[in-house]
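So you can see what is in the structure, the chains are spelled out below.
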Amino acid sequence: MTYQETLHYLFTRLPMFSRIGTDAYKKDLTNTIRLCGALGDPQKKFKTIHIAGTNGKGSTSHMLAAILQTAGYKTGLYTSPHLKDFRERIKINGQVCSEEFVIDFTERIKPLINEIEPSFFEITVAMAFDHFAKQGVDVAVIEVGLGGRLDSTNIITPELSVITNIGWDHMNLLGDTLEKIATEKAGIIKKGIPAVIGEVIPETRPVFDSYATSAPLIYAQERRWMAGWDYEHHLLKVEVVDKANNEHHHYQLDLPGIYQTKNLLTVLEAAHQLHLQGWRTDTATIQKALQHVKKLTGLHGRWELIQNNPAVILDVGHNVDGVKQLSRQLELTDYDHLHIITGMVKDKDVDAVLALLPQDATYYFTQAQIPRALDAVTLQQKAAGHLLIGNTYPNVNEALQHALAHAHKNDLVLVCGSVFLVGEVKR
């Protein structure tokens, strides 16, 4: 098969959550264990860091990978979903895996696919582990796909577990309370392995505390606090104070979203815990890495400016907590008028997200080209109930063309609401 034929096989032969939703979700680790066992258990041949959370786990994963790369380690990075190219999910030192590897792996694993009928995500996890082992990485940063306890990535025994935060998302699969969601995320905590908890709230603290007898728990927000922040030349400048010794450190991030300040505190504590274990993640290395996260790892879609006059920004914020952070960012941003291009998927709490969006913007309702997408007309009707007014468009790029035709040079055009929508924007 060619690479394109291989992708077609993977996308159509295997149940894919990003396309069809919950029907693709496998609630146990059996298939992943079978797949990796057939490959010689590659996940046992390199060190890992495991990252879960409702929001911020992608940014946190990329920042930690950038730090480890800058420290001189050959660093694997597994994330999902991809925006443009399937191979974005599997990187080493910022470079995607080769097309030839994807073809070869798929051919090798086909007999087992026919036998056990795994999901698309189960296959991609096994593919990533196999690639990292074959390429001899020193360490791999592994982002959880969904939840934690039953996620396919949860067959690793990491050096460190990280949980960024707990919020409302995937309630149909993870539970209808924050405590239940936290329990699923906390399922990545392993006996004796340090776990860094990013943000914690009264509802979730008891859930994490219940693991304290089996694993060292470190609450990032109790170790450091943000003394101030500013923007300069598209860099987010942050001053952070270490509570233990009152030392002040300054960081510049090439990820300009103000919500990255929360992720930064989590990343700093994770890097500190790794440093205590002997990893070369000192302050100078961290400072250098954070200025070049996008260049080092290829991260996109986080308050990403792709055009000026008018400004066009892409952001993958798509759930309640993510859109709350977007709303705060908009309050801190200068523009004359706001144009929002949005599309969502059916299994999100659409009304809760719409209720958070500003009513004084011009809206362009559209949909990603996947079966899970909520159709633009239904989204428009729901939005009208929240006094959000705009026309519908068959795809994001047509919506963007209309927004640019109506926007003045000092306006802001924001594309948000779905990772898949952002991924379809033509650059």
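Residues numbered from 1 in each chain as written. Predicted model: local features only at pLDDT ≥ 70, side-chain atom pairs only at ≥ 80, totals over all residues. Heavy atoms only, no water.

Draft legend 1. Structural context of the overall build of the protein. Secondary structure assignment for the protein yields 17 helices and 17 strands. Over its C-alpha trace the protein gives a radius of gyration of 21 Å, about what one expects of a compact globule, namely 22 Å for 427 residues. The buried share of the protein, reckoned over its 427 residues, is 58%. Across the protein, the fraction of contacts at a sequence separation of at least 24, relative to all contacts at a separation of at least 6, is 72%. When the accessible surface of the protein is split by element, carbon and sulfur atoms take 49% of a total near 17,100 Å². Across the protein, the mean location of the 42 positive side-chain charges is 5 Å away from that of the 48 negative side-chain charges. (Helix = DSSP H or I, 4+ residues; strand = E, 2+ residues; numbered from the N terminus. Rg over C-alpha atoms; globule rule 2.2 N^0.38 Å. Buried < 20%, exposed > 50% of the residue type's maximum accessible area, 1.4 Å probe, protein only. Contact = heavy atoms within 4.5 Å. Areas by Shrake-Rupley, 256 points an atom, 1.4 Å probe, with all protein chains shown as cover. Lys, Arg positive; Asp, Glu negative; His and termini not counted. Charge placed at Lys NZ, Arg CZ, Asp CG, Glu CD.)

Draft legend 2. Inspection of the nonpolar core at higher detail. Counting 38 residues, the largest nonpolar core has Ile 49, Ile 67, Tyr 251, Leu 253, Leu 264 and Leu 290 as its most contacted members. At the level of secondary structure, the elements contributing two or more residues to this core comprise strand E1 (47-52), helix H4 (57-70), strand E5 (139-143), strand E6 (160-163), strand E10 (235-242), strand E11 (247-253), helix H10 (260-276) and helix H11 (283-290). Among the elements that take part in this core, H10 stands out by supplying 7 residues, more than any other. Apart from residues lying up to four places away in sequence, Tyr 251 is in contact with Leu 236, Lys 237, Val 238, Val 240, Leu 264, Leu 268, Thr 283, Ile 286, Gln 287 and Leu 290. Counting residues in each nonpolar core, the second largest holds 37 residues, with Leu 29, Phe 105, Ile 142 and Ile 155 among its members. (Core = buried A, V, L, I, M, F, W, Y, C linked by side-chain atoms within 4.5 Å.)

Draft legend 3. Geometry of the sheet that holds strand E3 (residues 90-92). Strand order in the open sheet made by the 8 strands is E4-E3-E2-E5-E1-E6-E7-E8, with mixed pairing throughout. Across the chains shown, the open sheet's two edge strands, defined by having one partner strand only, are strand E4 (95-96) and strand E8 (217-219). Inspection of the sheet shows E6 paired to strand E7 (residues 195-197) by 3 bridges, in the parallel sense. Paired with Val 162 across the bridge in E7 is Val 196. Strands in contact with H4 are E1, strand E2 (75-78), E3, E5 and E6; relative to E5, the strand with the most contacts, it is inclined by about 175°. Contacts from H10 reach E1, E6, E7 and E8, with the element oriented near 170° to E6. (Pairing = 2+ DSSP bridges. Axes fitted to C-alpha atoms, helices over the stretch in contact; angles between N-to-C directions.)

Draft legend 4. Spatial organisation of the sheet that holds E10. The strand order across the open sheet built from 3 strands is E9-E10-E11, with neighbouring strands paired in antiparallel fashion. With partners counted over all chains shown, the strands left at the sheet margins are strand E9 (224-232) and E11, one partner each. Ignoring strand direction, the axes of neighbouring strands in this sheet form an average angle of 20°. Together, E9, E10 and E11 form the strand contacts of H10, whose direction differs from that of E10 by roughly 55°.

Draft legend 5. Quick look at helix H8 (residues 178-185). Burial in H8 covers these residues: Leu 178, Ile 181, Ala 182, Glu 184 and Lys 185. Down the axis of H8, the buried side of the element spans an arc of 160°, and every buried residue falls inside it. (Arc of directions from axis to C-beta.)

Draft legend 6. Structural view of the pattern of salt bridges. Considering all chains together, one arrives at 16 salt bridges under this definition. Between Lys 44 and Asp 41 there is a salt bridge, with its nearest N and O atoms 3.8 Å apart. The class of Lys 44 is exposed, set by a relative accessible area of 65%. Judged by its relative accessible area of 24%, Asp 41 falls in the partly exposed class. The closest approach of N and O atoms between Arg 108 and Asp 104, which form a salt bridge, is 3.0 Å. Of this pair, Arg 108 and Asp 104 are both found in helix H5 (residues 99-116), 4 residues apart, which corresponds to roughly one turn of the helix. Relative accessible area serves as the criterion here: at 36%, Arg 108 is assigned to the partly exposed category. Here the residues in one salt-bridge network are Asp 104, Arg 108, Asp 130 and Lys 134, joined through shared partners. (Salt bridge = Lys/Arg side-chain N within 4 Å of Asp/Glu carboxyl O.)

Draft legend 7. Broad picture of the packing of helix H3 (residues 30-38) against H5. One can describe the packing of H3 onto H5 by two numbers: an axis separation of 11 Å at closest approach and a directional angle of 155°. With respect to each other, H3 and H5 are oriented roughly antiparallel. Handedness of the crossing formed by H3 with H5: right-handed. Residues Asn 31, Arg 34, Leu 35 and Ala 38 of H3 touch H5, and the partners they reach there are Ile 109, Leu 112, Glu 115 and Ile 116. (Parallel < 35°, antiparallel > 145°, perpendicular 65-115°, else oblique. Left-handed = near helix turned anticlockwise from the far one by under 90°.)

Draft legend 8. The side chain of Thr 366, seen in detail. Looking at the secondary structure, you find Thr 366 in the loop between strand E15 (362-365) and helix H15 (376-384). Of note is the side chain of Thr 366, whose polar atom sits 2.9 Å from the backbone oxygen of Tyr 393. Here the side chain of Thr 366 touches Val 396 through a polar contact of 3.4 Å, landing on its backbone nitrogen. Residues contacting Thr 366, with those up to four places away along its chain left out, are Ile 341, Thr 342, Gly 343, Leu 374, Ala 376, Leu 379, Tyr 393, Pro 394, Asn 395, Val 396, Ala 399 and Leu 421. (Polar contact = N/O pair within 3.5 Å; in protein donor to acceptor, adjacent residues only side chain to side chain.)

Keep in mind these numbers describe shape, not what the thing actually does.
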